[in-house]
Amino acid sequence: MRSLLLLGSTGSIGRQTLDLLRAEPGSHRVIGLAARRSIDVLGAQVDEFRPPFVAVVDEEAAETIRPRLPAGTRLFSGPAALEEIALEVDYDVAVHGVVGAAGLPPSVRVLERGKTLALANKESLVMAGALLVALAREHGGEIVPVDSEHSAILQCLRGERLDRVRRVVLTASGGPFRSASPEELARATPAMALRHPNWNMGPRITVGSATLMNKALEVIELHHLFGLERERIEVVIHPQSIVHSLVEFVDGSVIAQMGPPDMRGPIHYALHHPDRAPSDLRGFDLSRFKSLTFEAPDPVRFPALELGFRCVEEGADAGSVLNAADEVAVEAFLQGEIGFPDIARINRRVLDRRPGLCGSVADLLRADRLARTCAREEVEGLGARTRAPA
Ligand SMILES: NC(=O)c1ccc[n+]([C@@H]2O[C@H](COP(=O)([O-])OP(=O)(O)OC[C@H]3O[C@@H](n4cnc5c(N)ncnc54)[C@H](OP(=O)(O)O)[C@@H]3O)[C@@H](O)[C@H]2O)c1
């Protein structure tokens, strides 16, 4: 039985990971659960899975849950709680389902210990992909992607040589605004953006699926995970989300990985990697899908996608800056401060102003902080222009 540390246990990825463990009793022992502040959900998870270690980032929330924990449970609390649990507890695999830049420091800790990092927190790779890949290599750990597209590519590449890859095609659903006109995009509300046609996910990634910024981040993730340069990466819109991604080889053969849009598939694969363990998950029923369609993304209506390719070319702190800008812009959109097309606009402007830091994790986190300030200025600037009398 492998022991499992679950970072972000209260989120969409975290809850689906625990669903799988319920269905596969005996496959993994939950050694630690970690979240920010959703203590009602976390409390119920602790009652059910009885992990000896728990981490809560929000100190007030930690003090509220403390008396509810079974005797002998060790609680890590405060801003460094996720790093501490990743450093001090013994586990075989860490599933990392935290959202946002806050996920980077615990990713570093897991890999410094030479453990397997089943990584849904794409922001870690977007911000510091080169560093994380180097850490995994240096300490004998491994990064196993949980994102469905990257899990698909990992599966397509089993037993293959990277220099035999002609191109990798990442699929994107196109989100709720795939066929929207520019006028409709300008009027898009948070409620509309949060209504994803195929996937049920947390708010940040759902809005990212609507702007295609999520795909931009995945382009950067792909570049780092598999060492692929811009020329060998393509994105195609595939509204049915059945083909999770494709790899074309130098002989013209194309291998695709398919399945229903269900994140438990890639999480299950990551939990058991390199084995392909049995599960009760549904396969792909050909008769249910009369057609699978593919179309090129529209760079005019969805300008965010290009920013991901730009970051692959520019390297250094570009990924950190783009991710931070997008976190601020998405939050401002959800709060009704800016319009939907402003998200990509702000992201591009902040990227244009990036400080050009690179090197350590500390540098990349500093670039992240500077980009947040810059993005807030852009949000306020847009707000002021909207409020100005004609
Ligand atoms: N959901 C999907 O289907 C899916 C698919 C592919 C990739 N991903 C990626 O997986 C990651 C998680 O996505 P999600 O949809 O599961 O997000 P989510 O539902 O919003 O859950 C986020 C989790 O992160 C925790 N968290 C948030 N801020 C934190 C902080 N500052 N410090 C520590 N923990 C924090 C939350 O804890 P609280 O609940 O206590 O706030 C929660 O457990 C993202 O990187 C996303 O891009 C998700």
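Heads up: these notes are all about the structure in this document. Just so it is clear, the structure is predicted and the values come from calculations on it, not from any experiment. (Residues numbered from 1 in each chain as written. Predicted model: local features only at pLDDT ≥ 70, side-chain atom pairs only at ≥ 80, totals over all residues. Heavy atoms only, no water.)

### Observations regarding the site of the ligand
Around the ligand lies a shell of 26 residues, among which Thr-10, Arg-37, Ser-38, Glu-123 and Gly-202 are the nearest. Note that an oxygen atom of the ligand is positioned 3.0 Å from one of the side-chain N or O atoms of Arg-36. The side chain of Glu-123 places a nitrogen or oxygen atom 2.7 Å from an oxygen atom of the ligand. In the complex, 90% of the free accessible area of the ligand, which totals 890 Å², lies under the protein chains. Residue assignment for the shell around the ligand shows that the elements contributing at least two residues are helix H1 (12-23), helix H6 (122-139) and helix H10 (203-211). For the shell around the ligand, a count of residues per class yields 12 nonpolar, 9 polar and 5 charged. (Near = heavy atom within 4 Å. Polar contact = N/O pair within 3.5 Å; in protein donor to acceptor, adjacent residues only side chain to side chain. Areas by Shrake-Rupley, 256 points an atom, 1.4 Å probe, with all protein chains shown as cover. Helix = DSSP H or I, 4+ residues; strand = E, 2+ residues; numbered from the N terminus. Nonpolar A, V, L, I, M, F, W, Y, C, P; charged D, E, K, R; others polar.)

### Section: the sheet that holds strand E11 (residues 254-258)
If you trace the 4 strands from one edge of the open sheet to the other, you get E9-E8-E10-E11, paired in mixed fashion. The open sheet terminates on both sides in strands that have one partner only, identified here as strand E9 (233-237) and E11. The average angle at which neighbouring strand axes cross in this sheet is 20 degrees, direction not considered. (Pairing = 2+ DSSP bridges. Axes fitted to C-alpha atoms, helices over the stretch in contact; angles between N-to-C directions.)

### Some points on the packing of helix H11 (residues 213-226) against helix H13 (residues 304-314)
Here H11 crosses H13 at 20 degrees, and the two axes come no closer than 7 Å. It follows that H11 is roughly parallel to H13 by the angle criterion. When the axes of H11 and H13 are compared, the crossing they make is right-handed. For the pair H11 and H13, the contacting residues are Met-213, Lys-215, Ala-216, Val-219, Ile-220 and His-223 in the first and Ala-304, Leu-305, Leu-307, Gly-308, Phe-309, Cys-311 and Val-312 in the second. Here the contact of H11 with H13 is composed, by residue class, of 10 nonpolar, 2 polar and 1 charged. (Parallel < 35°, antiparallel > 145°, perpendicular 65-115°, else oblique. Left-handed = near helix turned anticlockwise from the far one by under 90°. Contact = heavy atoms within 4.5 Å.)

### A look at the pattern of salt bridges
For the structure on display, the rule yields 40 salt bridges. A salt bridge links Glu-378 to Arg-349, with the nearest nitrogen and oxygen atoms 3.2 Å apart. On the criterion of sequence distance, the pair formed by Glu-378 in helix H16 (residues 361-387) and Arg-349 in helix H15 (residues 340-352) is long-range, its members being 29 residues apart. Its relative accessible area of 24% is what places Arg-349 among the partly exposed residues. (Salt bridge = Lys/Arg side-chain N within 4 Å of Asp/Glu carboxyl O. Buried < 20%, exposed > 50% of the residue type's maximum accessible area, 1.4 Å probe, protein only.)

### A look at the nonpolar core
Judged by nonpolar contacts, the single largest core of 124 residues is most densely connected at Ile-143, Phe-177 and Ile-338. Per-element accounting of this core gives the leading share, 10 residues, to helix H14 (residues 318-334). Those residues in contact with Ile-143 that lie beyond four places of it in its chain are Leu-111, Leu-117, Leu-119, Leu-125, Leu-132, Val-133, Ala-136 and Leu-225. (Core = buried A, V, L, I, M, F, W, Y, C linked by side-chain atoms within 4.5 Å.)

### Some details on the state of the cysteines
Inspection of the entire model under this criterion finds 0 disulfides. With no disulfide of its own, Cys-311 has Cys-358 as its nearest cysteine by sulfur position, at a separation of 14 Å. On the basis of relative accessibility, which here comes to 4%, the residue Cys-311 falls in the buried class. (Disulfide = S-S within 2.5 Å.)

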